[in-house]
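Coordinate inspection notes
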Amino acid sequence: MLPVTLDRTCGEPLPAQLAGQVRTLVLSGTLGTGDRLPSSRALAADLGVSRAVTEQAYDQLTAEGWLEARRGSGTYVATTHPRGVTSRLTRVTSGPTGVTSRPTGATPRPTGATSRLDTGTPFFDPRLESGWRRAWREVSVAAPPRGYDDPRGLRELREALAARLGRTRGLDLHPDEIIVTAGTTDGLRALLPELRHGPVAVEDPGYRAAAETVLTYSREVIDLPAVERVTDLGPAVAAYVTPAHQHPLGRVMPAADRLALLEAARRADAVVIEDDYDSEFRYDVAPVPAMARLDRGRVVYLGTAAKSVVPTLRLGWLVAPPDLHELILRRRTITHAGAAWPSQRALLTLLRDGWLDRAVRSARRVYAERAPRVAEAMSPYATLAGPLAGMYSTWLLPETDALRARDAARAAGFEINLLSTYARTSGLTGLVIGFGGVSDAELDQALAAITGALSDR
Ligand SMILES: Cc1ncc(COP(=O)(O)O)c(C=O)c1O
């Protein structure tokens, strides 16, 4: 019998309560690597809940890497202590000394392309347009603050964000711990000047804007292998990661790797920068909880409205350990950096009205339907790099094939990103296919062009 107690009156769904308590048992060492858990049926009977509750909790913890199911044998605690592959960190680009510095693979804007199958254009449900307009009407009649407002951002917005981050990301936050930003990269820009001198490790392949921003701040970028366990951060003072959905390979960072990275960060006295850009868009299991939950003193959490609303709103949020929070705030108070008030005020209405929750639900439904369509078309020709989640999927292919497919799509009026443009030293090649910003018909046309080119091999 597991030492867990479920509370039917607290409002938190029973599977989430159970998963949370099992996670705590593993983290505290009460459950150790290799321990066998009771079957979902036996545990359900013990707890007096339906089997769906225990199965859902086990599925969730397996997806996060806390548990592993062994066929015909049962469910066990996965290896969660740091061991295994030690990743070599490769230095590729340099900042302060200016020895070598190269751009991190920005793609030139397409000429003549009509639709982008990129990772940055989310689905926008036309049925939600009236709610969107209502939010902006409210902005037009609200009185803006007369002077420079709180550098942390609009108080009511931070309250609404704290409530939502608690509900959706498992983060227990006071509104004053949140700093509203003008998006993920703005959060990174606010953080970088406050870190001690030294390089920043960024996943390779990884988010191009992150590597570029680090370089802009005259810091070296060190390549962090995107899908290996990292046990040593070398001289890095920070590690920029996308644990919920590695950008662009798609993997969920397993629990053991999260703990290993945090341990490596503690040893290096570095921070982990968690870019939590699209974690809400899981279709198989509930979103994987934020890594910041594991160590609020070591993780800087960056959230964004770019995926759940639109990137052009230019809004995000940052939660930093107290010392960094104070430094960021001090500088923002002096420089008046921050997010524009109209955007903040509009997002407040979108949150209060439940618009954002509806937008996420409807986009998730669309992505859940489109992702398998892309997979069905692509899998005869290419290898899927990670689990299906979010608004894009990444396909491994030789560069010549990827180029041919990209050119065929371009000729048909669609722009698609090459995986090689996200890679620095990893050398991975293939296609990154976004499916949020096109219609179903356009997606089919683009896939026909791509697979037509690939079948010509
Ligand atoms: C990995 C990743 N992080 C963050 C963002 C959002 O960045 P921002 O909030 O600066 O628009 C994106 C947008 O495409 C992204 O791909």
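Note that the structure is a prediction, hence the values are computed from the model and not measured. (Residues numbered from 1 in each chain as written. Predicted model: local features only at pLDDT ≥ 70, side-chain atom pairs only at ≥ 80, totals over all residues. Heavy atoms only, no water.)

**Re the pairing of strand β14 (residues 414-418)**
Regular strands place their side chains on alternate faces of the sheet. Burial analysis of β14 places five of its five residues in the buried class, which makes it a mostly covered element. As defined by bridge partners, strand β4 (residues 115-117) adjoins β14 across three bridges and the pair is classed as parallel. Looking at β14, one finds that serine 115 is bridged to phenylalanine 414. Of the strand pairs in this sheet, β14 and strand β15 (residues 430-434) are connected by two bridges, and their pairing is antiparallel. Within β15, the position partnered with asparagine 417 by the bridge is valine 432. (Buried < 20%, exposed > 50% of the residue type's maximum accessible area, 1.4 Å probe, protein only. Helix = DSSP H or I, 4+ residues; strand = E, 2+ residues; numbered from the N terminus. Pairing = 2+ DSSP bridges.)

**Some thoughts on the domain arrangement of the chain**
Many analyses report the size of an interface as the accessible area lost when the parts associate. Considered domain by domain, the chain is made up of domain 1 (14-77), domain 2 (91-96 + 129-354) and domain 3 (115-124 + 357-455). With eight residues of domain 1 in contact, the opposing surface of domain 2 contributes twelve residues. Across the domain 1/domain 2 interface, buried area totals approximately 760 Å², and carbon plus sulfur atoms make up 68% of it. Together, Gln60, Glu64 and Trp66 form the three largest contributors to the area buried by domain 1 at its contact with domain 2, with a combined 53%. Viewed at the interface, domain 2 and domain 1 are joined by zero salt bridges. The tally of links from domain 1 across to domain 2 stands at three residue pairs in polar contact (both at pLDDT 80 or more). For the side of domain 1 that touches domain 2, the secondary structure elements donating two or more residues are α1 (14-27) and α3 (51-64). Ranked by residue count, the leading element in the side of domain 1 that touches domain 2 is α3, at four residues. (Domains from an automatic or database assignment. Contact = heavy atoms within 4.5 Å. Buried area = accessible area lost by both parts, 1.4 Å probe. Salt bridge = Lys/Arg side-chain N within 4 Å of Asp/Glu carboxyl O. Polar contact = N/O pair within 3.5 Å; in protein donor to acceptor, adjacent residues only side chain to side chain.)

**Points about the site of the ligand**
Near the ligand the following residues occur: Gly120, Gly183, Thr184, Thr185, Tyr207, His247, Asp275, Tyr277, Thr304, Ala306, Lys307 and Arg314. Within the side chain of threonine 304, a nitrogen or oxygen atom sits 2.6 Å from an oxygen atom of the ligand. Between arginine 314 and the ligand, the recorded distance is 2.7 Å, taken from a side-chain N or O atom to an oxygen atom. A total of 400 Å² of accessible area belongs to the ligand in isolation, and the protein chains cover 92% of it. (Near = heavy atom within 4 Å. Areas by Shrake-Rupley, 256 points an atom, 1.4 Å probe, with all protein chains shown as cover.)

**A few points about the side chain of arginine 219**
Tracing the chain through its elements places arginine 219 in the loop between α7 (208-216) and β7 (221-225). Here the side chain of arginine 219 touches glycine 198 through a polar contact of 2.9 Å, landing on its backbone oxygen.

**With respect to the pattern of salt bridges**
Counting across every chain of the model gives 36 salt bridges. As a salt-bridge pair, glutamate 129 and arginine 133 come within 3.9 Å of each other at their nearest N and O atoms. With glutamate 129 and arginine 133 both in helix α4 (residues 129-141) and four residues apart, the pair spans about one turn of that helix. You can call arginine 133 partly exposed: its relative accessible area is 47%. Between arginine 134 and aspartate 353 there is a salt bridge, with its nearest N and O atoms 3.5 Å apart. Of this pair, arginine 134 sits in helix α4 while aspartate 353 is found in the loop between α10 (341-352) and α11 (355-378), placing the two residues 219 residues apart along the sequence. Residue classification places arginine 134 among the partly exposed positions, given a relative accessible area of 38%.

**So, the environment of proline 205**
Along the chain, proline 205 falls in the loop between β6 (200-204) and α7. Not counting residues within four places of it along the chain, the set of residues in contact with proline 205 comprises Ala226, Gln246, His247, Pro248, Leu249, Leu419, Tyr422, Ala423, Ser426 and Leu428.

**Points about α10**
Because the α-helix completes a turn every 3.6 residues, residues three or four places apart line up on one side. Between the first and last C-alpha of α10 there are 17 Å, a value that for twelve residues agrees with the 16 Å anticipated at 1.5 Å per step. For α10, a buried count of ten out of twelve residues is recorded, marking the element as mostly surrounded by other parts of the structure. Taken residue by residue, α10 has Trp341, Ser343, Gln344, Arg345, Ala346, Leu347, Leu348, Thr349, Leu350 and Leu351 as its buried positions. The secondary structure elements touched by the buried residues of α10 are α4, α5 (155-169), β5 (178-181), β11 (316-319) and α11. (Expected span 1.5 Å × (residues − 1).)

**So, the packing of α1 against α3**
Where α1 meets α3, the axes come as close as 8 Å, and the angle between the chain directions of the two elements is 50°. If you check the angle between α1 and α3, you find them oblique. At the point where α1 passes α3, the crossing takes the right-handed sense. Each of Leu14, Pro15, Leu18, Ala19, Val22 and Arg23 in α1 lies in contact with α3, whose residues at this interface are Val53, Thr54, Gln56, Ala57, Gln60, Leu61 and Glu64. Split into classes, the residues belonging to the contact of α1 with α3 amount to eight nonpolar, three polar and two charged. (Axes fitted to C-alpha atoms, helices over the stretch in contact; angles between N-to-C directions. Parallel < 35°, antiparallel > 145°, perpendicular 65-115°, else oblique. Left-handed = near helix turned anticlockwise from the far one by under 90°. Nonpolar A, V, L, I, M, F, W, Y, C, P; charged D, E, K, R; others polar.)

**Let's talk about the sheet that holds strand β12 (residues 383-384)**
Spatially, β4-β14-β15-β13-β12 is the arrangement adopted by the five strands of the open sheet, whose pairing is mixed. On the outer flanks of this sheet lie β4 and β12, each paired with one strand and no other. Against the sheet, α11 makes contact with β13 (392-396) and β15, and its axis sits at roughly 15° relative to β13, the strand it touches most. Packed onto the sheet, helix α12 (residues 399-411) meets β14 and β15 and runs at close to 160° relative to β14.

**Some details on the pairing of strand β1 (residues 67-70)**
As defined by bridge partners, β1 adjoins strand β2 (residues 74-77) across four bridges and the pair is classed as antiparallel. When the bridges of β2 are listed, arginine 70 appears paired with glycine 74. In this antiparallel pair of consecutive strands, β1 and β2, the connection spans three residues, and glycine 72 shows a positive phi of 75°.

**Remarks on the confidence of the model for the chain**
Mean pLDDT over the chain: 91, with 92% of residues reaching 70 or higher. Note that residues 81-88 has pLDDT below 50 and, in this model, 21 contacts with residues that lie over four places away or in other chains. Contacts of residues 94-111 to residues separated by more than four positions or lying in other chains number 33 contacts, the stretch itself having pLDDT below 50. (pLDDT = per-residue confidence, 0-100.)

**Overview of the packing of aromatic side chains**
Inspection of every chain in the model, using the stated rule, returns six aromatic pairs. With a centroid separation of 5.7 Å and an interplanar angle of 85°, the aromatic rings of phenylalanine 124 and tryptophan 132 are classed as edge-to-face. The class of phenylalanine 124 is partly exposed, set by a relative accessible area of 27%. For the ring pair phenylalanine 281 and tyrosine 367, a centre distance of 5.3 Å and an interplane angle of 75° mean the geometry is edge-to-face. Taken together, the positions of phenylalanine 281 in the loop between β9 (271-275) and β10 (299-304) and tyrosine 367 in helix α11 put the pair 86 residues apart, joining distant regions of the chain. (Phe/Tyr/Trp six-rings, centres within 6.5 Å; stacked < 30°, edge-to-face > 60°.)

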